[in-house]
Structures are given as structure tokens and as C-alpha cells.
Amino acid sequence: FAAQLHHHHHHPPCATMPPKFGGGNPKCPACGKTVYANEQQKGIGNTYHKLCFKCEFCKKKIEPGAECDKNGRLSCKSCGTATEGFRGTTSANIASFQE
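Worth saying up front: this structure is predicted, and the values here are computed from it rather than measured. What you see as residue numbers is a count from 1 along each chain, following the sequence as written. Residues qualify for local features only when their pLDDT is at least 70, as the model is predicted, and side-chain atom pairs are given and counted only at 80 or more; totals for whole chains, interfaces and linings, by contrast, use all residues. Excluding hydrogens and water, the side-chain values take into account all heavy atoms of the structure.

Here's the deal with the environment of E39
Right, so step 1: Helix and strand definitions follow DSSP, with helices as H or I runs of at least four residues and strands as E runs of at least two, each counted in order from the N terminus. Relative to the helices and strands, E39 resides in the loop between helix 2 (13-16) and strand 1 (40-43).
Right, so step 2: As for E39 and C52, which are separated by 13 residues in sequence, their C-alpha atoms are 9.9 Å apart.
Right, so step 3: Contacts are assigned to residue pairs with any non-hydrogen atoms lying within 4.5 Å of each other. The residues touching E39, leaving out its near neighbours within four places in the chain, are T34, Y48, H49 and K50.

Right, dumping it as C-alpha cells:
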């Protein structure tokens, strides 16, 4: 009976399925395709294609290490530090919490 149970446990449908989309390779958030080791660029906790490593706001290519995380989106330094009313609202919220 125990063997039966064990056997049953051994077949979770997703784990035993052959990987269809490039296996364990990460997906590029920018284009949704698989990123292979030779073309990957890591930034803001994601893995991008080198060619997709662009600012989501102004579409400029970002140098590795110069990327910013703007609300979870990949951005260049200038867009990442640009105030588009984001800064103002956050500091206002913080101020009201402290009262």
C-alpha cells in the first residue's frame, strides 16, 4: 500500500512533463521569449536578452549596471530618477502616515 502511495506521489503532472519552452531557461519580460545563457543580461531581478535590455519608457539601450527599477519596470537612470508625480505622491503618503 505504501509503495502504491509512493508511486502515486511520483507523478505530479507538471514535474514529469517534458519541458516544452526551452526547459529551465528564464523568460525575457520584455519580449516573453526564452533567454539563453549566451544572450542574457540580468537586471532588476529579471533576466533579459541583451537586445531587450532597454528602458521601457524611452526605449534607450541601458548599459549593464545602469538600470533602474521603476515600479517593477526596467528603466534607464534618467527615466528612473525622473519625477512624474510618483515621488510627490510617495513622500506625501509617508508624511501622512507619520502624523
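The discussion continues.
So, the pairing of strand 2 (residues 46-49)
Right, so step 1: The rule for pairing is simple: two strands pair if DSSP sees at least two bridges between them. Direction of pairing for strand 1 relative to strand 2: antiparallel, over a ladder of four bridges. Across the sheet, residue Q41 finds its bridge partner in strand 2, namely Y48.

A short note on the pattern of salt bridges
Between side chains of opposite charge, pairing is possible as soon as their charged atoms come close.
Right, so step 1: Salt-bridge detection follows one rule: a side-chain nitrogen of Lys or Arg within 4 Å of a carboxyl oxygen of Asp or Glu. As enumerated under the stated definition, the model contains one salt bridge in all.
Right, so step 2: Across the salt bridge formed by R73 and E56, the nearest N and O atoms sit 2.8 Å from each other. Linking R73 in strand 4 (residues 73-75) with E56 in the loop between strand 2 and strand 3 (68-70), this pair joins segments that are 17 residues apart in sequence.
Right, so step 3: Per-residue accessibility, obtained with a 1.4 Å probe over protein chains only, is compared with the maximum for each type, and a residue is labelled buried under 20%, exposed over 50%, and partly exposed between these values. Residue E56 is classed as partly exposed on the basis of its relative accessible area of 31%.

What to know about the confidence of the model for the protein chain
Right, so step 1: Mean pLDDT over the protein chain: 76, with 60% of residues reaching 70 or higher.
Right, so step 2: In this model residues 87-99 is a low-confidence stretch, pLDDT under 50, and it forms two contacts with partners more than four residues away in sequence or in other chains. Per-residue confidence from the prediction method is given by pLDDT, with values spanning 0 to 100.

Observations concerning the side chain of S75
Right, so step 1: Mapped onto the elements, S75 comes out in strand 4.
Right, so step 2: Look at S75 and you get buried, because its relative accessible area is 0%.

A short note on the nonpolar core
Right, so step 1: Of all hydrophobic cores here, the largest spans ten residues; its members are C28, V35, Y48, C52, F53, C55, I62, L74, C76 and C79.
Right, so step 2: Not counting the four nearest positions on each side in its chain, V35 is found in contact with N25, P26, K27, C28, Q40, T47, Y48 and H49. To define a nonpolar core, start from buried Ala, Val, Leu, Ile, Met, Phe, Trp, Tyr and Cys residues and group those joined through side-chain atoms within 4.5 Å.

Focus: the pairing of strand 1
Right, so step 1: Burial along strand 1 is one-sided: the face carrying Q41 and G43 is buried and the face carrying Q40 and K42 is not.
Right, so step 2: With antiparallel pairing between neighbouring strands as the criterion, strand 1 and strand 2 make up a hairpin whose turn holds two residues, including I44 at a positive phi of roughly 40°.

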